Amino acid sequence: MSEALLHTYATWAEIVLAVVTFVSLFFITAPYGRHGRGGWGPEISQRLAWVLMELPAVALWIGIYAMGSHAWEAAPLALLVIWQIHYVNRTFVFPFRIRADGKTTPVSIVLTAVVFNSLNAYVNARWVSEFGSYDTSWLYDARFLVGAAVFATGFAINQHADWVLMNLRKPGETGYKIPRGGLYAYITCPNYFGEILEWTGWAIATWSLAGLSFALYTIANLAPRARDHHRWYQSKFSDYPKERRALVPFVW
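Note that the coordinates shown come from a computational prediction; the quantities given were computed from them, not determined experimentally.

Chemist: What is the right way to read helix H1 (residues 3-25) from this model?
Modeler: Owing to its 3.6 residues per turn, the α-helix brings residues three or four apart onto one side. If you check H1, its first and last C-alpha atoms are 32 Å apart, about what 23 residues at 1.5 Å a residue would give, namely 33 Å. Along H1, the residues that are buried comprise His7, Ala10, Thr11, Glu14, Ile15, Ala18, Thr21 and Leu25. The elements touched by buried residues of H1 are helix H4 (107-131) and helix H7 (209-236).

Structural data, given as structure tokens:
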């Protein structure tokens, strides 16, 4: 079997995994964060869990990318930068900004994320630097420019939403509060909405099945999670704003 065919199979496997994940998460709430609960095996600190889960999307991605025959060309390098803007932050910055003291995550969740991020690293990094075709003119193509703009918009939304959450409580305070400001006026999970925009932008900027597979998986993973968050807030706070939707402003 040629590697090109193997890569195609891996890409379709990611799409199938997106469908399975979407269906599964409408019946099972992933047991981490505010939805954490026992019965899922050994646990490790939440900060370490974040680093381990996201590390393949940085280190493995770069290693696979570097083996490609187009790795040092301008357009693939620009795509590498776009990808790493998100994942360097998610791996090495975000875990140390959140208030995670004493919080844990099941090892089973960590391992599941590592497996997916490794598959996703192969599918997207190998496409960008080897199987895709991006000459310098791609940097001026409307698909790249629109995709990069959508990614940047999503990243800004995601960062602002995380900042609001991280500053909800004053030092020494515990418990949960209703987040307000920005897109929190309209939806419960602007951080997820922003991340979906990021990888939709990636799919447009790469104009590839590989990019689309990740965008679909992101939606499949985060849409059910947003629904669970929304229901959690509604059950926790009697005064939770009734006009807020879960994930998409004015829609759902």
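Chemist: I tried to follow the packing of aromatic side chains on my own but got confused; where do I start?
Modeler: The description of an aromatic ring pair uses the distance of the two centres, along with the angle that the planes make with each other. In total, this model carries 23 aromatic pairs according to the counting rule given. Taking 5.6 Å as the distance between ring centres and 10 degrees as the angle between the ring planes, the aromatic pair formed by Trp61 and Tyr65 counts as stacked. Here the residue Trp61 and the residue Tyr65 both occupy positions in helix H2 (residues 46-66), the gap between them amounting to four residues, near one helical turn. Owing to a relative accessible area of 0%, Trp61 belongs among the buried residues under this scheme. Overall, the relative accessible area of 2% leaves Tyr65 in the buried class. Where Trp232 meets Phe237, the ring centres are 6.5 Å apart and the plane angle is 75 degrees; that geometry is what we call edge-to-face. You can call Trp232 buried: its relative accessible area is 16%.

Chemist: Would you mind going over the nonpolar core with me for this structure?
Modeler: Soluble globular proteins tend to pack their nonpolar side chains together in the buried interior. Grouped together as the largest cluster of nonpolar side chains are 31 residues, with contacts concentrated most on Trp61, Tyr65, Leu79, Trp83, Tyr87, Trp199 and Trp202. For this core, the elements supplying multiple residues, two or more each, are H1, H2, helix H3 (74-93), H4, helix H5 (142-166), helix H6 (190-206) and H7. Among residues more than four places away in sequence, those in contact with Tyr65 are His70, Ala71, Glu73, Pro76, Leu77, Leu80, Ala125, Val128 and Ser129.

Chemist: Got a minute to help me understand a nonpolar patch on the surface in this structure?
Modeler: A surface patch of nonpolar side chains, about 600 Å² in accessible area, is lined by Val19, Phe22, Val23, Phe27, Ile28 and Trp40. Inspection of the secondary structure puts Phe22 in helix H1. By relative accessible area, which is 35% here, Phe22 ends up partly exposed.

Chemist: Which parts of the structure should I look at to understand the pattern of salt bridges?
Modeler: For side chains of opposite charge, pairing can occur when their charged atoms come near one another. Evaluated as defined, the whole model comprises six salt bridges. Measuring nitrogen to oxygen at the nearest pair gives 3.8 Å for the salt bridge that ties Arg90 to Glu195. Residue Arg90 is located in helix H3, and its partner Glu195 is located in helix H6; the two are separated by 105 residues in the primary sequence. A residue is classified by how much of its surface remains accessible, and Arg90, at 6% relative accessible area, is buried. Linking Arg143 and Asp141 is a salt bridge whose minimum nitrogen-to-oxygen distance equals 2.9 Å. The network of salt bridges with shared partners includes Arg90, Asp162 and Glu195.

Chemist: Help me understand the side chain of Thr218 in this model?
Modeler: Here Thr218 shows up in helix H7. Separated by 2.8 Å, the side chain of Thr218 and the backbone oxygen of Phe214 make a polar contact. The residues touching Thr218, leaving out its near neighbours within four places in the chain, are Glu195, Ile196 and Trp199.

Chemist: So what exactly am I meant to see when it comes to unusual backbone geometry here?
Modeler: Leaving glycine out, the prevailing phi sign among residues is negative, and the prevailing peptide bond configuration is trans. The backbone of Trp207 sits at a positive phi, close to 50 degrees, despite the residue not being glycine. When you line up the elements, Trp207 lands in the loop between H6 and H7. Under the relative-accessibility criterion, Trp207 is labelled exposed at 54%. The backbone phi angle of Phe250 is positive, close to 70 degrees, even though this residue is not glycine. On the secondary structure map, Phe250 appears in the segment after H7.

Chemist: Sorry if this is basic, but what is going on with the packing of H1 against H4 here?
Modeler: The relative placement of two packed helices is expressed as an angle between their axes plus a distance between the axes. Two elements in contact, H1 and H4, have axes whose closest approach is 10 Å; the angle formed by their N-to-C orientations is 135 degrees. Considering the angle they form, H1 stands oblique to H4. Between H1 and H4 lies a crossing whose hand is left-handed. Listed contacts from H4 to Glu3, Ala4, Leu6, His7, Ala10, Thr11, Glu14 and Leu17 of H1 are Phe116, Leu119, Asn120, Tyr122, Val123, Arg126, Trp127 and Phe131. Of the residues that constitute the contact of H1 with H4, the class distribution is ten nonpolar, three polar and three charged.

The rules behind these values
- Residues numbered from 1 in each chain as written.
- Predicted model: local features only at pLDDT ≥ 70, side-chain atom pairs only at ≥ 80, totals over all residues.
- Heavy atoms only, no water.
- Helix = DSSP H or I, 4+ residues; strand = E, 2+ residues; numbered from the N terminus.
- Expected span 1.5 Å × (residues − 1).
- Buried < 20%, exposed > 50% of the residue type's maximum accessible area, 1.4 Å probe, protein only.
- Contact = heavy atoms within 4.5 Å.
- Phe/Tyr/Trp six-rings, centres within 6.5 Å; stacked < 30°, edge-to-face > 60°.
- Core = buried A, V, L, I, M, F, W, Y, C linked by side-chain atoms within 4.5 Å.
- Patch = residues over 30% accessible without salt bridge, like charges linked within 9 Å, V, L, I, M, F, W, Y side chains within 5 Å.
- Areas by Shrake-Rupley, 256 points an atom, 1.4 Å probe, with all protein chains shown as cover.
- Salt bridge = Lys/Arg side-chain N within 4 Å of Asp/Glu carboxyl O.
- Polar contact = N/O pair within 3.5 Å; in protein donor to acceptor, adjacent residues only side chain to side chain.
- Axes fitted to C-alpha atoms, helices over the stretch in contact; angles between N-to-C directions.
- Parallel < 35°, antiparallel > 145°, perpendicular 65-115°, else oblique.
- Left-handed = near helix turned anticlockwise from the far one by under 90°.
- Nonpolar A, V, L, I, M, F, W, Y, C, P; charged D, E, K, R; others polar.

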